[in-house]
Amino acid sequence: VIITSYGLIRNDFEFLSKFNWEYLILDESHNIKNPLAQVTKKVGQLKSNNRLALTGTPIENSLTDLWSQMNFLNQGLLGSYTFFKSEFVTPIEKNNSDEKKAKLKKLVYPFVLRRTKEQVAKELPPLTEQTVICEMNTEQAKLYDKVKSEYRNFILDQKSIDPKQRFLILKGLTELRLIANHPNMYNQELDISSGKFEEVADRLHSVHEAKHKILVFSQFTRHLNLFKQHLDKKKLKYSMLTGSTTKRREAVEAFTENDKCNIFLISLKAGGVGLNLTKADYVFVLDPWWNPFAEKQAIDRAYRIGQKSHVFSYKFITKDTIEEKILQLQKRKKTLATDFIPEGGKATLDLDQEELKELFD
């Protein structure tokens, strides 16, 4: 038995490729969702009699994620990558073709076994999820509209968006997301408050006073830093885990083993997976991500086997901003995944010009 990581497969490929393995098992198989990545190619070249792929998120961004994993399991079943894109991806994702959906389902279903948490962990307590809509303050709304107009005018002036300009568009989308969270994240010199920050802070204090343990997730470390400063002023104990945290174990233990430390600030990238935090019964998701499954993974740090309490999850969305558009995008992606993964049986941004205009609308 050899247990290895995706990162090491490339280094050890010469050794691993010498054998014909009885089983080749991929855990978190969405790591090979990109068919053009070296790790995907190397894994596909390994010889084995049997292959299994395990993942909670087989489709994160596009149907091409599914092609890559199915091609690993049963090479050629869905045709070549080029064929799959023209035969299924474009008709389904762009034209919503029912005929192509039915055809793809027929091909995929015999090879997929899905088990939901409700089926395998019936002893789990309830999970309540709520989206909290936050209003921008007047100055915050003015700043948001100003930045949005600048980028929207740029897009409307272009006949098409070339790859070099897409970086600028992504920069604009990120700036709008920062302002929607807190103007100070966009420009530290600004003295403008945030409607969302005030809403989150109020709820955080109410839940904390009731002696519940709370996980606070954000993709932006600077967002977490704003709450860190706030908690320091209030002299409230908390733990924090980001990409720059070197003592991960100590950060986790401070939250799980200290009854006076009831708040855990976590960056989505550093702590969205691989943590068991069932001591928490509240989860605050401060900002939506393009990929809805990344958020689900974050909530699952608390809502997992071993949890004894009713879990409450709050997702905070700023009204009349790009965050509402991201929610719509999430619904589309969730529908896509549900359609092709039978019940009971980060981050790319691949949008065309019309979809980009819609985001800045």
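Residues numbered from 1 in each chain as written. Predicted model: local features only at pLDDT ≥ 70, side-chain atom pairs only at ≥ 80, totals over all residues. Heavy atoms only, no water.

**Brief notes about the packing of helix 4 (residues 63-73) against helix 5 (residues 81-94)**
Between two packed helices, the angle of one axis relative to the other and the distance separating the axes together describe the packing. Put simply, the rule reads: Axes, fitted as lines to C-alpha atoms, cover a helix only where it is in contact. Angles between the N-to-C directions of the axes lie from 0 to 180 degrees. Helix and strand assignments follow DSSP, with helices taken as H or I runs no shorter than four residues and strands as E runs no shorter than two, numbered in order from the N terminus. Rotating anticlockwise by less than a right angle from the far helix to the near helix defines a left-handed crossing, while the corresponding clockwise rotation defines a right-handed one. The contact definition used throughout considers only heavy atoms, calling two residues in contact when any of these lie within 4.5 Å. Side-chain classes are defined by residue name, with Ala, Val, Leu, Ile, Met, Phe, Trp, Tyr, Cys and Pro counting as nonpolar, Asp, Glu, Lys and Arg as charged, and the others, Gly among them, as polar.
Contact pair helix 4 / helix 5: the axes reach a minimum separation of 10 Å and the direction vectors enclose 145°. Crossing of helix 4 over helix 5 shows right-handed handedness. Contacts from Leu63, Thr64 and Trp67 of helix 4 reach helix 5 at Tyr81, Phe84, Lys85, Phe88, Val89, Ile92 and Glu93. The residue makeup of the contact of helix 4 with helix 5, split by class, is 7 nonpolar, 1 polar and 2 charged.

**Side note on the packing of aromatic side chains**
Any pair of aromatic rings gets described here by the distance separating the centres and the angle formed by the planes. To keep it simple, the criterion reads: Aromatic contacts are taken between Phe, Tyr and Trp rings whose centres are within 6.5 Å, Trp giving its six-membered ring; a plane angle under 30 degrees counts as stacked, one over 60 as edge-to-face, and the others as tilted. Relative accessibility under 20% of the residue-type maximum defines a buried residue, over 50% an exposed one, and the middle range a partly exposed one, all with a 1.4 Å probe and only protein chains included.
Taken as a whole, this structure holds 10 aromatic pairs when the rule is applied. Taken together, a centroid distance of 5.2 Å and an interplanar angle of 40° make the contact between Trp67 and Tyr81 tilted. Placement of the pair is Trp67 in helix 4 and Tyr81 in helix 5, with a sequence separation of 14 residues. When its relative accessible area of 10% is taken as the criterion, Trp67 is described as buried. Aromatic rings pair up to connect Tyr282, Phe284, Phe312, Tyr314 and Phe316 into one cluster.

**Observations concerning unusual backbone geometry**
In this structure, Lys211 is a non-glycine residue whose phi angle is positive, near 65°. Topologically, Lys211 is positioned in the loop between helix 11 (195-209) and strand 4 (214-218). For Lys235, which is not glycine, the phi torsion reads 55° and is therefore positive. Of note, Lys235 is situated in the loop between helix 12 (221-233) and strand 5 (239-241).

**Focus on the environment of Leu113**
Tracing the sequence through the fold places Leu113 in the loop between helix 6 (98-108) and helix 7 (117-120). Using a relative accessible area of 64% as the deciding quantity, one classes Leu113 as exposed. Linking Leu113 and Leu54, residues 59 residues apart in sequence, is a C-alpha distance of 9.7 Å.

**Quick notes on the sheet that holds strand 3 (residues 127-134)**
To keep things clear, this is the line we draw: Two strands form a pair only when DSSP identifies at least two bridges running between them.
With parallel pairing, 6 strands are arranged side by side in an open sheet as 3-8-7-4-6-5. Each end of this open sheet is capped by a strand with a single partner; those strands are strand 3 and strand 5. Strand-to-strand, the axes of this sheet are offset by a mean angle of 15°, without reference to chain direction. The pairing of strand 3 with strand 8 (residues 311-318) spans 8 bridges and is classified as parallel. If you follow Val132 over to strand 8, its bridge partner there is Phe316. Contacting strand 3, strand 4, strand 6 (263-267), strand 7 (282-285) and strand 8, helix 11 crosses the sheet at an angle of about 165° to strand 8. Together, strand 3, strand 4, strand 7 and strand 8 form the strand contacts of helix 15 (residues 292-299), whose direction differs from that of strand 7 by roughly 155°.

**A look at the confidence of the model for the protein**
Cut-off, in case you're wondering: In predicted models, pLDDT denotes the confidence assigned by the predictor to each residue on a 0 to 100 scale.
Across the protein, the average pLDDT comes to 89, with 93% of residues at 70 or higher. Per-element confidence in the protein ranges from a low mean pLDDT of 66 for helix 17 (residues 353-359) to a high of 97 for strand 7. Throughout residues 344-348 the model reports pLDDT below 50, and contacts reaching past four residues in sequence, or to other chains, amount to 16 contacts.

**Details of the nonpolar core**
Definition in use: Only buried residues count toward a nonpolar core, which is a set of Ala, Val, Leu, Ile, Met, Phe, Trp, Tyr and Cys residues joined through side-chain atoms within 4.5 Å.
By size, the foremost hydrophobic cluster in this structure holds 40 residues, and its most contacted members are Leu215, Phe264, Leu277 and Val283. Setting aside chain neighbours within four positions, we find Leu215 in contact with Phe255, Phe264, Ile266, Leu277, Ala280, Tyr282, Val283, Phe284, Arg301 and Ala302. Counting 24 residues, the second-largest nonpolar core is a separate cluster that includes Leu178, Val200, Phe227 and Tyr282.

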